[in-house]
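Examining the three-dimensional arrangement
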Amino acid sequence: MVLSLVSILFRGGLNYGIDFTGGTLVQVRYDKPVTVEVVRRGLDEIKLGQAVIQQFGDAQEYLIRLHQAGEKPDALARDVQAALSKSSGTNVEIRRLEFVGPQVGRDLQLQALYAVLAGMAGILIYVAFRFHFRDGVISVIAIAHDVIVTLGALSVTHREISLPVLAALLTIVGYSINDTIVVFDRIRETRAKGIRKGQNWADLVNAAMNQTLSRTVLTSFTVSLSALVLLLFGGEVLHDFSFALLVGVVTGTYSSVAAA
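Now for a description of the structure that goes with this document.

Parameters and conventions
Residues numbered from 1 in each chain as written. Predicted model: local features only at pLDDT ≥ 70, side-chain atom pairs only at ≥ 80, totals over all residues. Heavy atoms only, no water. Helix = DSSP H or I, 4+ residues; strand = E, 2+ residues; numbered from the N terminus. Buried < 20%, exposed > 50% of the residue type's maximum accessible area, 1.4 Å probe, protein only. Pairing = 2+ DSSP bridges. Axes fitted to C-alpha atoms, helices over the stretch in contact; angles between N-to-C directions. Contact = heavy atoms within 4.5 Å. Phe/Tyr/Trp six-rings, centres within 6.5 Å; stacked < 30°, edge-to-face > 60°. Lys NZ or Arg CZ within 6 Å of the ring centre and 35° of its normal.

**Digging into the environment of methionine 1**
As for its placement among the helices and strands, methionine 1 is situated in the segment before helix H1 (2–10). Along the backbone, methionine 1 and valine 147 are 146 residues apart, and their C-alpha atoms lie at a distance of 9.2 Å.

So this is what it looks like as structure tokens:
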């Protein structure tokens, strides 16, 4: 968690995508392969400010993220298309165009924060009611660990925080608390039987952990395998989502078993 926070702070905060900052995303496809330098040279001619250029699949298709967007995204896309065609000497096709206003981006940042906090508050209330308030606090700490470590991994690998990544974070929260509750429930059941046999607390917890360990490992392996397949073969659009999900499943597993 400390390493993740250090990475986020020293890299100037999280790398929010246009979903949360506002801007225009243009996906273009050239008739022939070109380099990133050719794409950037074309954008420099129309002076759109700093642009993030990402190869999308092969060397003919690129994603261009413009953080300074005009009020007419269609006109902006046409300007980009004309400039890129001129600089490369080949035809350029606009495959996708997305626009998010800056106010909408700020609102989405706040709503994302509220969604995560509301999820943790609901988990705290449920676990406190189902088990004990102490267990609820422990569960929230373990989930906070999972989210922070995942955000740290995104920061280290320079990946963007987008709406699909937010969906992955909320999925991680649900996955982690599900595994934690299974372990807690088995500890409670084992404790009720073990007290009559005079077992101490450490032996009770150890027995409960071993009884649920195979279930935890099999579940984690299945989900990790699915996330890995998405990461390798799901295409560029799903890369950040599947990467966050893969990291979160691993952290959620050991936080439920070892930390909580």
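So, next bit.
**Side note on the pairing of strand E1 (residues 23–30)**
Along E1, seven of the eight residues are buried, which leaves the element largely enclosed by surrounding structure. Bridging between E1 and strand E4 (residues 92–100) involves eight bridges; their strand directions are antiparallel. Note on E4: the bridge partner recorded for glutamine 27 is arginine 96. Where E1 and strand E3 (residues 61–66) come together, six bridges link them in antiparallel fashion. In the sheet register, arginine 29 faces E3, and the bridge partner there is glutamate 61.

**Thoughts on the sheet that holds strand E2 (residues 51–55)**
Spatial ordering of the open sheet is given by E2-E3-E1-E4, a layout of four strands whose pairing is antiparallel. Only two strands of the sheet have a single partner each, and these edge strands are E2 and E4. Adjacent strand axes in the sheet meet at a mean angle of 15°, parallel and antiparallel pairs treated alike. Packing of helix H3 (residues 36–45) onto the sheet brings it into contact with E1, E2 and E3, and relative to E2 it is tilted by some 150°. Strands in contact with helix H4 (residues 73–88) are E1, E3 and E4; relative to E4, the strand with the most contacts, it is inclined by about 145°.

**Observations concerning the packing of aromatic side chains**
The full count for this structure, using the stated rule, is two aromatic pairs. Arranged with centres 6.3 Å apart and planes meeting at 90°, the rings of tyrosine 30 and tyrosine 62 form a pair that is edge-to-face. Highlighted residues: tyrosine 30 in strand E1 and tyrosine 62 in strand E3, separated in sequence by 32 residues. The exposure class assigned to tyrosine 30 is buried, which follows from its relative accessible area of 1%. For tyrosine 62, a relative accessible area of 1% puts it in the buried group. With 6.0 Å between their ring centres and 75° between their planes, phenylalanine 131 and phenylalanine 184 make a pair best called edge-to-face. Here phenylalanine 131, found in the loop between helix H5 (102–130) and helix H6 (133–156), pairs with phenylalanine 184, found in helix H7 (residues 163–194); they are 53 residues apart in sequence, far enough to count as distant. Taking relative accessible area as the criterion, phenylalanine 131 reaches 16% and is therefore assigned buried. Assessed through its relative accessible area of 9%, phenylalanine 184 is described here as buried. Sitting above the plane of the phenylalanine 131 ring, arginine 130 keeps its charged end 5.6 Å from the centroid.

**Regarding unusual backbone geometry**
For histidine 158, which is not glycine, the phi dihedral falls at a positive 60°. With respect to the helices and strands, the residue histidine 158 is situated in the loop between H6 and H7. Residue class for histidine 158 comes out exposed when judged on its relative accessible area of 56%.

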